[in-house]
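Below are the chains, spelled out letter by letter.
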Amino acid sequence: MPEIVASAEDATSGSCGDNLTWILEDGLLTISGTGEMEDYSSMNGMSWYSSKSSIETVVIEDGVISIGERAFNYCYSLTDVTISESVTSIGKAAFAVCKSLPSVVIPDSVTSIGDYAFQHCTSLN
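A brief look at the structure comes next. Along each chain, the written sequence defines residue order, and numbers are assigned to residues from 1. This being a predicted model, a pLDDT of at least 70 is required before a residue's local features are given, and a value of 80 or more before pairs of side-chain atoms are given or counted; all residues contribute to the totals for chains, interfaces and linings. To get the side-chain values, all heavy atoms of the structure are used, and hydrogens and water are removed first.

### Quick notes on the overall build of the protein
No. 1: The secondary structure listing takes helices from DSSP runs of H or I that are at least 4 residues long and strands from runs of E that are at least 2 residues long, numbered from the N terminus. Counting secondary structure elements, the protein contains zero helices and nine strands.
No. 2: The secondary structure elements of the protein, listed N-terminal to C-terminal, are β-β-β-β-β-β-β-β-β.
No. 3: Burial classes follow relative accessibility: with a 1.4 Å probe on protein chains only, a residue under 20% of its type's maximum area counts as buried, one over 50% as exposed, and anything between as partly exposed. Every one of the 125 residues in the protein was classed for burial, and the buried ones make up 45%.
No. 4: Surface exposure of the protein reaches about 6300 Å², of which carbon and sulfur atoms provide 45%. Each accessible area value is a Shrake-Rupley result obtained with a 1.4 Å probe; residue values ignore everything except the protein chains displayed when judging cover.

### Describing a negative patch on the surface
No. 1: On the surface, E61, D62, E85 and D108 cluster together into a negatively charged patch.
No. 2: Of the residues examined, E85 reaches a relative accessible area of 54% and is grouped as exposed. Patch membership is restricted to residues that have no salt bridge and whose relative accessible area is over 30%. Joining uses 9 Å for like charges and 5 Å for the nonpolar side chains Val, Leu, Ile, Met, Phe, Trp and Tyr. The salt bridge definition used is simple: a Lys or Arg side-chain nitrogen within 4 Å of an Asp or Glu carboxyl oxygen. His is not counted, nor are the chain ends, whereas Lys and Arg count as positive and Asp and Glu as negative. Charge placement uses NZ in Lys and CZ in Arg. For Asp and Glu, CG and CD serve respectively.

### Details of the packing of aromatic side chains
No. 1: Stacked, tilted and edge-to-face are the three classes applied to pairs of Phe, Tyr and Trp rings, where Trp contributes its six-membered ring and a pair requires centres within 6.5 Å; stacked means planes under 30 degrees apart, edge-to-face means over 60, and tilted covers the rest. Under the criterion given, the structure shown has six aromatic pairs.
No. 2: Ring geometry for W22 against W48: centres 5.5 Å apart, planes inclined by 75°, an arrangement best described as edge-to-face. One end of the pair, W22, is in strand β2 (residues 20–25); the other, W48, is in the loop between β4 (35–36) and β5 (57–60), and 26 residues separate them in sequence. No difference in accessibility class separates W22 from W48, as the two residues are buried.
No. 3: Relative to F72, the ring of W48 has its centre 5.5 Å away and its plane inclined at 15°; by these criteria the two rings are stacked. On the criterion of sequence distance, the pair formed by W48 in the loop between β4 and β5 and F72 in the loop between β6 (64–67) and β7 (80–83) is long-range, its members being 24 residues apart.
No. 4: The class of F72 is buried, set by a relative accessible area of 0%.
No. 5: Taken together, W22, Y40, W48, F72, F95 and F118 form an aromatic cluster joined through their ring pairs.

### Quick notes on the pattern of salt bridges
No. 1: What the rule picks out here adds up to one salt bridge.
No. 2: We note a salt bridge from R70 to E69, for which the minimum N-O separation is 3.4 Å.

### Focus: unusual backbone geometry
No. 1: Located in the positive-phi region is Y74, a residue other than glycine, with phi close to 65°.
No. 2: The topology assignment puts Y74 in the loop between β6 and β7.
No. 3: On the basis of relative accessibility, which here comes to 30%, the residue Y74 falls in the partly exposed class.
No. 4: At A93, a position not held by glycine, the phi torsion is positive, near 55°.
No. 5: Along the chain, A93 turns up in the loop between β8 (89–90) and β9 (112–113).

Below, the structure is given as structure tokens:
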């Protein structure tokens, strides 16, 4: 079950999978560890929900094998995403409504992209 932080404004790190952690510092959200990222049933389930408007860059480090459902949706300020070669799947609506995201390089290792993964990404080329 995803970690839900009571005082979300102070949340700068936590877990987002059995062996995955996240840290948010100066607009950079880094996901690291090994294994699958949690799936989120709604955007307010994201561990970094309260800080989503400050996220400009997401880095998915080597060892992470999936990007969870709805993991980054509604991150309006997101402009840069780096996905490591260890990622094999991108979940449903993972980046939906990331309106400032101009492009994403999806590595060849990704064999599955969920429905609506980039829906309403109006800046996406």
